[in-house]
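# Structural description and commentary
Here is how the chains run, residue by residue.
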Amino acid sequence: MSRDISVNVHHVARVEGHGNIIIDVRNGELKKVELQIVESPRFFEAMLKGRRYAEAPQITARICGICAVGHTTSSLRAIEDALGIEPSEQTVLLRKVALEAEILQSHVLHYYFLVAPDFFDVPSVIPLAATQPEVVKRALRLKRLADDIIGMVAGRHPHPIAMVVNGFTRIPTEAELKELLARIKQALAEDIPPTLELFASLNFPKFERKTDYVALKHPKEYAFYDGIIFSTETGEVRHRDYKNKVREEIVLHSTAKHAKGPFKPYQVGALARFNINSEKLMPKAKEAARQLNLVAPCYNPYYITVAQVVESVHNLENMVFLIEELLRRGLKEENQGLAGWQSDLPKVEKRWGVGAVEVPRGILFHEYRIHETSVVWANCVIPTAQNLANIEDDMRALVPTILDKPKEEITKLLEMLVRAYDPCISCSVHMLKVDFV
Amino acid sequence: MSKALVLGVGNTLRGDDGVGVRVVEELKKENLKAKVMNGANLGFSLLDIIRDHQKVVIVDAVDMGQPAGCIGSFQGEKLLSLLEDRKFSLHEMGILEVLKVGYQLQEDLSKVILIGVQPRSLDSIEKLSPEVENKISEVIAWVKKEVE
């Protein structure tokens, strides 16, 4: 069909930050596809230069108000990698609880507040609260639970204060952990079944495009905190060699760099993790995937949201496992680690380290060079930056298949596609309006 | 349930948007019976906070279409009509958006009093405009009248 369509969505709604979608079709031929990122750059890497290394986790936590635990964790792991520090098992268990809580919190916010309104044909969560109060109340309960876990374990929500290099400045008490455990079990029993019922009843758009899926992979667990970088197309890459997989490029239409593979774009996030690690999901999460008809490998990017629902079940179950493990071992006051405010940081001689951690939207890299007590160079590669080029490839594949639809429907499908990736634009600039030009 | 709470919200890096936080910082120096809290950019947790208190006084910059520094108090019907009239941004979950969701969820908003101050500028500076600065003590008096 020869048709001219120009889509120009200025500031896509219900994503974190500002981005535009530009589509130009002339005589039925797709001329231009851009996901413009118009958020101002934030220069965090430059801010880190010259700062004492133990300050980096607190500084980089401020990159994001949603994945602050993720940035803190990746930063801590990069520093510990550089300094050759192996934190205690208790520290690792507590960090994993905080990280899983944050992934739960972010996923709930995305699938209930940002995605669900599309399926009820309302512009936002505000009218949804009037028509579907139970849905919104359930979402708020789950979010509060996740927020409270982060506050209890990481010392503050959203920006952790107790998580420091090689330890915690404060650990939760047994009573606090027991209270959280009871609430997590209650959420699994009461709030998860209706959540699964709701998302099983939604009809996600049908569109498939196989791409390269990249996530951490671990022999024993559904990897978030630890693992080797794994690509479904090119296999394993050691975390310190991440630049063999991730090439950062500057593009004119985006203040966020595009980080992609050396040959082609790839996808990170919940669906990539599910496609690579679904065998390692906890039992109830596996059951949830069956109920939601999510089978690996899944090539439909709209199903990223479904994978998030499945992961949130896993997060709750795994937190039960982690907290029970902590209680079984008994909490011990250990060394308090190296905090940013400490004056006597150990000096090191020209070290280098990389932290690779799965955060809600995908794999996050922090890389630092450290000399004496200072960060002398830093690089942070944010998940959304890794997804941008892949989203544009999705749009290039999708638009020709929907050209017979009314412009409003094309626009909605494109917005939903971008939203499915749950882009965190403010973090990636270092995105969303659709503009048909 | 705790008694009264004074909650200052806003972003101190955005000029007059910081007025609520500024007011609670001043109030913290005094010995109020009410709890005083810096709410900064509180999201939905505001609803839990409201549920946990008998009375909640919120101080924030509110565009009322009045001259800068003008103070308005909104409660009951008046607060609800403020929520009705407002054009909601799809991007930001500000205090009024959260209150609106709370209203839709049939939370008890009768115990909420919003003291709004008309901002002059929301530019990226860390200080208040003189018009708003000059009204700080008056805003504090309004808050005290509600909670003392």
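A brief look at the structure comes next. Just so it is clear, the structure is predicted and the values come from calculations on it, not from any experiment.

When helices and strands are tallied, chain B shows six helices and five strands. The order of helices and strands in chain B, counted from the N terminus, is β-α-β-α-β-β-α-α-β-α-α. The C-alpha radius of gyration of chain B comes to 14 Å, within 12% of the 15 Å expected for a compact globule of 148 residues. Summarising its shape, the C-alpha atoms of chain B cover approximately 40 × 40 × 25 Å along the three principal directions. Out of the 148 residues belonging to chain B, those deemed buried represent 41%. The contacts of chain B with a sequence gap of at least 6 include a subset with a gap of at least 24, amounting to 78%.

Attention now moves to the overall build of chain A. Helix and strand content of chain A: 14 helices and 15 strands. A globule of 437 residues ought to have a C-alpha radius of gyration of about 22 Å, and chain A, at 21 Å, matches this closely. Viewed in the frame of its principal axes, chain A has a C-alpha envelope of about 70 × 50 × 35 Å.

This paragraph deals with unusual backbone geometry. Residue and element names in this part refer to chain A. Along the chain, histidine 157 connects to proline 158 via a cis peptide bond; the corresponding omega equals 0°. Inspection of the secondary structure puts proline 158 in the loop between helix H6 (133-154) and strand S4 (163-164). The omega torsion of the bond from alanine 296 to proline 297 falls at -5°, within 30 degrees of zero and hence cis. Mapped onto the fold, proline 297 is located in the loop between helix H10 (283-291) and helix H11 (304-329). At asparagine 293, a position not held by glycine, the phi torsion is positive, near 60°. Relative to the helices and strands, asparagine 293 resides in the loop between H10 and H11.

Right, let's get into the sheet that holds strand S1 (residues 2-9) of chain B. Picture the strands of a sheet paired through backbone hydrogen bonds; they go either parallel or antiparallel. Residue and element names in this part refer to chain B. Spatial ordering of the open sheet is given by S2-S1-S3-S5-S4, a layout of five strands whose pairing is mixed. Only two strands of the sheet have a single neighbouring strand rather than two, namely strand S2 (35-40) and strand S4 (71-75). Put simply, the sheet's adjacent strands are angled 20° from each other on average, direction ignored.

All names here are of chain A. With eight of eight residues buried, helix H9 (residues 270-277) is to be regarded as a mostly interior element. Considered for burial, the residues of H9 that qualify are Ala270, Leu271, Ala272, Arg273, Phe274, Asn275, Ile276 and Asn277. The elements touched by buried residues of H9 are strand S6 (212-217), strand S7 (228-231), strand S11 (266-267), H11, strand S12 (348-359) and strand S13 (362-372).

Further remarks concern helix H7 (residues 174-190) of chain A. Residue and element names in this part refer to chain A. Between its terminal C-alpha atoms H7 stretches 24 Å, which fits the 24 Å expected from 17 residues at 1.5 Å a residue. Considered for burial, the residues of H7 that qualify are Leu177, Leu180, Ile184 and Ala187. Around the axis of H7, the buried residues are gathered within 80° of arc, so they sit on the same side. Relative to its buried face, H7 has exposed residues pointing more than 90 degrees away, namely Glu174, Ala175, Ala182, Gln186, Ala189 and Glu190. Against the buried residues of H7 lie H6, helix H8 (192-200) and H11.

Turning to the pairing of strand S3 (residues 53-61) of chain B, a few remarks are in order. Residue and element names in this part refer to chain B. Sheet topology places S1 next to S3; six bridges connect them, and they run parallel. From the neighbouring strand, leucine 7 faces S3, where its bridge partner is isoleucine 58. For S3 and strand S5 (residues 112-117), the ladder comprises six bridges, and the chain directions are parallel. Residue pairing in the sheet places alanine 61 in a bridge with valine 117 of S5.

Residues and elements named next belong to chain A. For proline 383, the location among the structural elements is in helix H12 (residues 383-398). Expressed as a C-alpha distance, the spacing of proline 383 and valine 237, which sit 146 residues apart in the sequence, is 17 Å. Apart from the residues lying within four places of it in its own chain, the contact partners of proline 383 are Val268, Gly269, Val359, Arg361, Gly362, Ile363 and Leu364.

Each partner contributes to the interface: chain B provides twelve residues, whereas chain A provides 15 residues. Among the elements of the structure, helix H2 (45-51) and helix H4 (95-104) of chain B are those that each provide at least two residues to the side of chain B that touches chain A. If one sorts the elements of the side of chain B that touches chain A by residue count, H4 of chain B sits on top with four residues. Classifying every residue of the side of chain B that touches chain A by side-chain character gives six nonpolar, three polar and three charged.

This brings us to the nonpolar core. One finds Ala98, Ala215 and Val310 of chain A together with Val57 of chain B to be the most contacted residues of the largest nonpolar core, which totals 180 residues. Looking at which element gives the most residues to this core, the answer is helix H4 (residues 89-119) of chain A, with 15 residues.

With that settled, consider the sheet that holds S6 of chain A. Residue and element names in this part refer to chain A. Read across the open sheet, the four strands follow the order S8-S7-S6-S11; overall the sheet is mixed. The open sheet terminates on both sides in strands that have one partner only, identified here as strand S8 (235-237) and S11. Across four bridges, S6 lies against S7 in antiparallel orientation. Looking at S7, one finds that alanine 215 is bridged to phenylalanine 230. Contacts between H9 and the sheet are confined to S6, S7 and S11, with S6 contributing the most and set at about 70° to the helix.

With that settled, the discussion passes to the packing of helix H1 (residues 19-28) of chain B against helix H6 (residues 136-147) of chain B. All names here are of chain B. Contact geometry for H1 and H6: axes closest at 10 Å, N-to-C directions at 70°. Between H1 and H6, the angle falls in the class roughly perpendicular. In the crossing of H1 with H6, the sense of the turn from one axis to the other is right-handed. Only Ile136, Val139, Ile140 and Val143 of H6 make contact with H1, whose side of the interface consists of Arg22, Val23, Glu26 and Leu27. In terms of residue class, the contact of H1 with H6 is built from six nonpolar, no polar and two charged.

Once that is clear, we can look at the packing of H12 of chain A against helix H13 (residues 407-420) of chain A. Residue and element names in this part refer to chain A. Their axes nearest at 10 Å, the elements H12 and H13 cross at an angle of 150°. By the angle between their axes, H12 is roughly antiparallel relative to H13. As for the relative orientation of H12 and H13, their crossing is right-handed in sense. The segment H12 lies against H13, with Ile391, Asp394, Met395 and Leu398 engaging Leu413, Leu414, Leu417 and Val418. Residues belonging to the contact of H12 with H13 are distributed by class as follows: seven nonpolar, no polar and one charged.

Calculation rules
Residues numbered from 1 in each chain as written. Chains lettered and ligands numbered in written order. Predicted model: local features only at pLDDT ≥ 70, side-chain atom pairs only at ≥ 80, totals over all residues. Helix = DSSP H or I, 4+ residues; strand = E, 2+ residues; numbered from the N terminus. Rg over C-alpha atoms; globule rule 2.2 N^0.38 Å. Buried ≥ 20, exposed ≤ 12 C-beta atoms within 10 Å, placed from the backbone. Contact = placed C-beta atoms within 7 Å. Pairing = 2+ DSSP bridges. Axes fitted to C-alpha atoms, helices over the stretch in contact; angles between N-to-C directions. Expected span 1.5 Å × (residues − 1). Arc of directions from axis to C-beta. Nonpolar A, V, L, I, M, F, W, Y, C, P; charged D, E, K, R; others polar. Core = buried A, V, L, I, M, F, W, Y, C linked by C-beta atoms within 7 Å. Parallel < 35°, antiparallel > 145°, perpendicular 65-115°, else oblique. Left-handed = near helix turned anticlockwise from the far one by under 90°.

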